[in-house]
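Residue-level structure breakdown
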Amino acid sequence: MALIPKSDGGLRPIALFRTAYRIYAKAHARRVRDWASRLPDAQCNNSKGRWVGDSTWRAQIRVATRPNQKHHIELLLDVKKAFEHVRRGSVAREAKLQDYPLVPLLASLTSYAWPRYIGLDGLLAEPIVARIGIAAGSAFATFELWCLLRNAINSLQIAFPRSTICIHVDDLCLTVVEDTAEYELIEAKGIIDRAICEFTEKEGLPFADDKTLVIASTFALVKTASRVILPSATAAASVRRLGVDYSLARAQPRRKQLLAVHRGRAKASKVRSMRLKKIAPKELPGFSSQASCLWPCTAASIIR
């Protein structure tokens, strides 16, 4: 089990499997992909035939084509250590109900119980046997997580049919659109309470408070929503959604309303630009350091 440092802090555990099992998983992953391709779920953003940014572009088109008097609130939630908190018994239960291929599932669940060694910076720990969770790095892990969450997502969609629900592995986006701000807040409060019930209380999958974000069509609505709906959420004018700078507001956010992550990316771009100028003061043929620095800003402007 390799612990890979993340850019935003913390460590990302990645399981390394034995060669024989990796060959087996690659051969049987086709059966699981075929199962996933037959699912009618539109909420799953990592389904077959979809790209990572598809849901983001669809949401932006809906915002642009709806009347200005409509109010929008979107809550972006991240399941905290999703793979580590999964109960294997719950996965087996849901797999039986949803016709998930059981032979690959049993082999996969068995592989998670093998003794593992945590390695970090050349150091190796004593063997550890995990009694809960599934392993990032497995060919079946994302399918098993989706199998577990299908009922929770469908329950949310049935309870709130007018809201747009999108999940990408462990990133959940809940978008609410109403005619008045009052109804908007009531609907958003209801859907977030139901999500906590379905994910945390029933399946033991808590949401990460430090990664919970709220955006809306106006910043005043954002501040009210973050205070009334989910006090632990961060109010923002724009966010990074599945790799895309994303905003529901028609007006550009003021500089002081930008998240720290946006300021960090702008600062990093400036540092890279200065470094390139030192390496190639006269610029390399066919390459412009100024263009490379401006590209993120230009892309963000086009997206908005």
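See the structure above.
Reference entry: report on the structure contained in this document. Here the structure is a predicted model, which is why all the values come from computation and not from measurement.

Let's talk about the packing of aromatic side chains
Here the structure, examined in full by the defined rule, presents 5 aromatic pairs. An angle of 35° between the planes, with centres 5.2 Å apart, marks the rings of Phe17 and Tyr21 as tilted. With relative accessibility at 12%, the residue Phe17 sits in the buried group. A relative accessible area of 9% means that Tyr21 is categorised as buried. Residue placement shows Arg18 over the ring face of Trp114; its charged tip is 4.6 Å from the ring centre. Lying across the ring of Phe17, Arg116 places its NZ or CZ 4.7 Å from the centre.

Regarding the packing of helix 6 (residues 141-159) against helix 7 (residues 181-203)
One can describe the packing of helix 6 onto helix 7 by two numbers: an axis separation of 10 Å at closest approach and a directional angle of 155°. Our classification of the angle between helix 6 and helix 7 gives roughly antiparallel. When the axes of helix 6 and helix 7 are compared, the crossing they make is right-handed. Here Leu148, Leu149, Ala152, Ile153, Ser155, Leu156 and Ala159 of helix 6 come into contact with helix 7, specifically with Ile191, Arg194, Ala195, Glu198, Phe199 and Glu203. A per-class count over the contact of helix 6 with helix 7 returns 9 nonpolar, 1 polar and 3 charged.

Procedures and definitions
- Residues numbered from 1 in each chain as written.
- Predicted model: local features only at pLDDT ≥ 70, side-chain atom pairs only at ≥ 80, totals over all residues.
- Heavy atoms only, no water.
- Phe/Tyr/Trp six-rings, centres within 6.5 Å; stacked < 30°, edge-to-face > 60°.
- Buried < 20%, exposed > 50% of the residue type's maximum accessible area, 1.4 Å probe, protein only.
- Lys NZ or Arg CZ within 6 Å of the ring centre and 35° of its normal.
- Axes fitted to C-alpha atoms, helices over the stretch in contact; angles between N-to-C directions.
- Helix = DSSP H or I, 4+ residues; strand = E, 2+ residues; numbered from the N terminus.
- Parallel < 35°, antiparallel > 145°, perpendicular 65-115°, else oblique.
- Left-handed = near helix turned anticlockwise from the far one by under 90°.
- Contact = heavy atoms within 4.5 Å.
- Nonpolar A, V, L, I, M, F, W, Y, C, P; charged D, E, K, R; others polar.

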